[in-house]
Amino acid sequence: MSEGPQVRLITERLQRKLQRKLLSRCVTTRANLERFAAAIAGSSFERIFCKGKHIFFALDSEQFLHNQLLMRGRWRMTRDRFMLLPYEIWLAFETGDWTVYNQKGQVLRILNAEQTQKQLDSLGADVMCDKCKEQDIVEALSGQQEPAGELLLDQSVLSGIGNVAKSEALFLAGIHPETEIIELTERELSKLAGSIRSVMWDSYKSGGRWTRRVYRRSGERCLKCGTRIIMIRQGKQNRSTYFCPKCQQRA
Ligand SMILES: [Zn+2]
């Protein structure tokens, strides 16, 4: 599952393999990308960057390829060439040495500069951006009336946090997922901001692996107190949140 840390790692790999590299061939199985794929051969991406869980490939200042991996999308690299593109591969770029390809999208579309800016503006501060410090996270969350477990997934407030980081950060901070952010003391809010950063940067430094203390551990014992971890569903999208009912009590 790709959240902020995995997306940043993938973007860095894509930069190394594709940025300002001559693209000798580009093939696609998607109708919406056919014109783009035909036009890109012989040119290169000026810049590849990410914000939150979104990846952008700038062909020039006017054309951008926008990608969101969501649950199923993947980027892969191989030394092989594709004669015929398997259907689950949406798009493949060939450079001199490598074929870089996207498997199963999950969002892959062409945007102009204005649409790209609109997409970037719709996203809150990127937790995985070098400039994003604890205080920026505190400011983004401060005063919000929604339950913590729902608000942390709202990409317009903070971008990059997904379901794993959400459960793990709330556990580290000792906050019940149904607590509204506005109910938190200043100290609790700083602790939450610090926990978000530490969960996400730890994953980044571990090559995208998560340390799972509560996530998908329902029924198992809490590593701190031995109580059984439980799972609840939150928000309109009914997303799962895992927590320890003893370490994370409602105030
Ligand atoms: Zn516990």
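Residues numbered from 1 in each chain as written. Predicted model: local features only at pLDDT ≥ 70, side-chain atom pairs only at ≥ 80, totals over all residues. Heavy atoms only, no water.

K.L.:
Describe unusual backbone geometry, listing the residues and the values that go with them.
P.N.:
Cis geometry marks the peptide bond from Gly-105 to Gln-106; its omega dihedral reads 10°. Position of Gln-106 among the secondary structure elements: in the loop between strand S7 (99-103) and strand S8 (107-112). In this model, Lys-104 sits at a positive phi of 60°, which is unusual for a non-glycine residue. Looking at where Lys-104 falls in the secondary structure, it is placed in the loop between S7 and S8. Backbone geometry places Arg-216, a non-glycine residue, at a positive phi of 55°. Note on placement: Arg-216 falls in the loop between helix H7 (186-205) and strand S11 (230-234). By relative accessible area, which is 51% here, Arg-216 ends up exposed. (Helix = DSSP H or I, 4+ residues; strand = E, 2+ residues; numbered from the N terminus. Buried < 20%, exposed > 50% of the residue type's maximum accessible area, 1.4 Å probe, protein only.)

K.L.:
Can you explain the packing of aromatic side chains? Please cite residues and give values.
P.N.:
Taken as a whole and judged by the stated rule, the model has 9 aromatic pairs. Look at Trp-75 and Phe-93: their rings are 6.4 Å apart centre to centre, the planes differ by 10°, and that puts the pair in the stacked class. Of this pair, Trp-75 sits in strand S5 (residues 74-78) while Phe-93 sits in strand S6 (residues 89-94), and the two are 18 residues apart along the sequence. Classification of Trp-75 by relative accessible area gives buried; the value is 5%. Residue Phe-93 is classed as buried on the basis of its relative accessible area of 0%. A network of ring pairs unites the aromatic residues Phe-45, Phe-57, Trp-75 and Phe-93 as a single cluster. Against the face of Trp-98 rests Lys-17, its NZ or CZ located 4.5 Å from the ring centre. Above the plane of the ring of Phe-171 lies Lys-224, whose end atom (NZ or CZ) is 4.8 Å from the centre. (Phe/Tyr/Trp six-rings, centres within 6.5 Å; stacked < 30°, edge-to-face > 60°. Lys NZ or Arg CZ within 6 Å of the ring centre and 35° of its normal.)

K.L.:
Go over the nonpolar core, please, and point to the residues and values.
P.N.:
The biggest cluster of nonpolar side chains holds 28 residues, and the ones touching the most others in it are Leu-141, Leu-158, Leu-192 and Ile-196. Of all the secondary structure elements, the ones that give two or more residues to this core are helix H4 (134-141), helix H5 (148-151), helix H6 (163-173) and H7. In terms of residues, this core owes the most to one element, H7, which gives 8 residues. Look past the residues within four positions of Leu-141 in its chain and what remains in contact with it is Leu-151, Leu-152, Val-157, Leu-158, Ile-181, Leu-189, Leu-192 and Ile-196. Formed by 24 residues, the second largest nonpolar core is a distinct cluster that contains Cys-26, Ala-37, Phe-57 and Leu-65. (Core = buried A, V, L, I, M, F, W, Y, C linked by side-chain atoms within 4.5 Å. Contact = heavy atoms within 4.5 Å.)

K.L.:
Explain the side chain of Gln-6 to me, using residue names and the numbers behind them.
P.N.:
With respect to the helices and strands, the residue Gln-6 is situated in helix H1 (residues 4-18). Only 2.9 Å separates the side chain of Gln-6 from the backbone nitrogen of Glu-3, close enough to count as a polar contact. Beyond its immediate chain neighbours, meaning those up to four positions away, Gln-6 contacts Met-1, Ser-203, Gly-208 and Trp-210. (Polar contact = N/O pair within 3.5 Å; in protein donor to acceptor, adjacent residues only side chain to side chain.)

K.L.:
I'd like to hear about the coordination of the zinc ion, residue by residue, with values.
P.N.:
Coordination of the zinc ion by the protein involves Cys-222 (SG), Cys-225 (SG), Cys-244 (SG) and Cys-247 (SG), with metal-donor separations of 2.2 to 2.4 Å. Site description for the zinc ion: donor spacing in sequence, C-x2-C-x18-C-x2-C. Judged by relative accessible area, Cys-244 falls into the buried class, the value being 0%. (Donors = N, O, S within 2.8 Å, 3.2 Å for Na, K, Ca; no water.)

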